[in-house]
Structure formats: C-alpha cells, structure tokens
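Architecture at a glance
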Amino acid sequence: LRGQPYRHPPQVGAAVNTGHARRLLEDSYAAALAAADPLRIVPAHLPPPPRGRTLVVGAGKAAAAMALAVEQNWPAAAPLEGLVITRYRHGLLTNRITVLEAGHPVPDAAGEQAAAEILRKVKTLTAQDLLLVLVSGGGSSLLSLPAEGITMADLRQVTQQLLRSGATIQSMNTVRKHLSAIQG
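Residues numbered from 1 in each chain as written. Predicted model: local features only at pLDDT ≥ 70, side-chain atom pairs only at ≥ 80, totals over all residues. Heavy atoms only, no water.

1. A word on the nonpolar core
What counts, and what does not: Put simply, buried Ala, Val, Leu, Ile, Met, Phe, Trp, Tyr and Cys residues joined by side-chain atoms within 4.5 Å make one nonpolar core. Buried means the residue's accessible area, taken with a 1.4 Å probe over protein chains only, is under 20% of the maximum for its type, while exposed means over 50%, and partly exposed covers the values in between. The helix and strand labels rest on DSSP assignments: H or I over at least four residues marks a helix, E over at least two residues marks a strand, and numbering proceeds from the N terminus.
Within the largest apolar cluster, 18 residues are counted, with the highest numbers of intra-cluster contacts made by Val56, Val70, Trp74, Val84, Ile97 and Leu134. Mapped by element, the contributors of at least two residues to this core are helix H3 (63-73), strand E2 (80-87), strand E3 (97-102) and strand E4 (130-135). In this structure, Val57, Ile118, Leu143 and Leu145 belong to the second largest nonpolar core, which totals twelve residues.

The following block contains the structure:
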C-alpha cells in the first residue's frame, strides 16, 4: 500500500477489513497498469537513430500508445515516419506516425488497406534505414492482408468461425498465418 508495509492476510475466520482489501486491490491494479504502460516502458528499448530514416510500423491494441511513446522519445532532428494499426476507438493523436483504426477481433477492409500500406512502405527501405516494429495483443487480427486467392470475406468468415468454436489464440494465429500475405 502507498508507503505502508504489506501485512499478511488475516487468519481464516478472522474479520476482514474491506477498506484495506479494496486499497490493496486498487493499488495492485494501478501497479499492473503502470508496469505495462507503453509511455513508461518503450523509451528504454529504443535504438539510436540510423544514418537513414526510421520507419515505424505496427499493429495491436497498444500500437497507438507505443507509437506515441516512440514519437515523444525520438530525436526531433532524426527522420521518423510510420503507420500503425489499432482497434477502433484506441487511436491517439500523433504527429509523425500515422495511426489507423480497424476491426478487432474480426478483421475488416480498413485493416486490409492499412496492412497493404505497411507492406508498401517496408518495401521502400534501404540498408541505411531502420525498421522499428511495434506489435501488441490484437496485432494478428489487425494486420490483416489476405493471401493470394483469399478474400477479406473469407478471412472474416474463418475468424468468426474460430471465435464461435472457442479456439485458443494460438490456434487462431496458426490458421491466420496460413491465410495471410504479411504474417508467418
């Protein structure tokens, strides 16, 4: 607790101080959020700028927050651009990295268009450039570019069937990589 030593829980059958328990839960929750906050954890893992330009790409529910963390901690004079895809209503205002929103967990045309643009941008990189990839939970759904012969309607249908079946995320990702032009 805020500056107080942790006290062991009461013995079985003893009265529980609900105020103390609530504070412990709230403080634990706040500590967990802080430990996963991209604005706090991403900066320490950023490489130095390259001689060329830096392209940031990414996908996931935390992609916008990670992109913002990169922007806020990247040297202003160093070239920086990029595109990340996040879930609808998870976007943030950024200046040098474009944040696009798309469907999750079921992919949509917005995700397909954004994934195609990411692939196009990556293909322009040279040996002097740096590719910085930001991926968080939801990235495999948001980075949806169907493989040749697969339509977005096919990908949506398979995803919906997998969700209804109760498939694990590992199983879903195994299937997705075989249906994707960009994953796997």
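2. Structural notes on H3
Since there are 3.6 residues in each turn of an α-helix, residues three or four apart along the chain are aligned in direction. Here is the rule we go by: Note on contacts: a residue pair qualifies if any of its non-hydrogen atoms lie within 4.5 Å across the two residues.
Counting buried residues in H3 gives eight out of eleven residues, a clear majority hidden from the surface. Listed in full, the buried residues belonging to H3 are Ala63, Ala64, Met66, Ala67, Leu68, Ala69, Val70 and Glu71. Residues of H3 that are buried make contact with helix H2 (38-41), strand E1 (54-59), E2, E3 and E4.

3. Considering the pattern of salt bridges
In plain terms, the rule: A pair is scored as a salt bridge if a Lys or Arg side-chain nitrogen falls within 4 Å of a carboxyl oxygen belonging to Asp or Glu.
If you walk through the whole model with that rule in mind, you get six salt bridges. Note that Lys121 and Glu81 form a salt bridge whose closest N and O atoms lie 4.0 Å from each other. Taken together, the residues span a long stretch of sequence, with Lys121 in helix H4 (residues 109-122) and Glu81 in strand E2 at a distance of 40 residues. On the accessibility criterion, Lys121 (18% relative accessible area) is buried.

4. Overview of the pairing of E2
Taken residue by residue, a regular strand's side chains alternate between the two faces of the sheet. Put simply, the rule is: Whether two strands pair depends on DSSP finding at least two bridges between them. Orient the strands so they point away from the viewer, and a crossover whose first-strand-to-second-strand path over the helix runs clockwise is right-handed.
The element E2 is extensively covered by neighbouring structure, given that six of its eight residues are classed as buried. The pairing of E1 with E2 spans six bridges and is parallel. Paired with Thr54 across the bridge in E2 is Leu80. As for the winding sense of the linkage, the β-α-β connection from E1 through H3 to E2 is right-handed.

5. Concerning the sheet that holds E2
Inclusion rule: Geometry is summarised by axes, namely lines fitted to C-alpha atoms with helices restricted to the contacting stretch, and by angles between N-to-C directions that run from 0 to 180 degrees.
What the four strands build is an open sheet, ordered E3-E2-E1-E4; its pairing is parallel. Across the chains shown, the open sheet's two edge strands, defined by having one partner strand only, are E3 and E4. Along the sheet, successive strands turn relative to each other by an average axial angle of 15°, direction set aside. Together, E1, E2, E3 and E4 form the strand contacts of H4, whose direction differs from that of E2 by roughly 155°.

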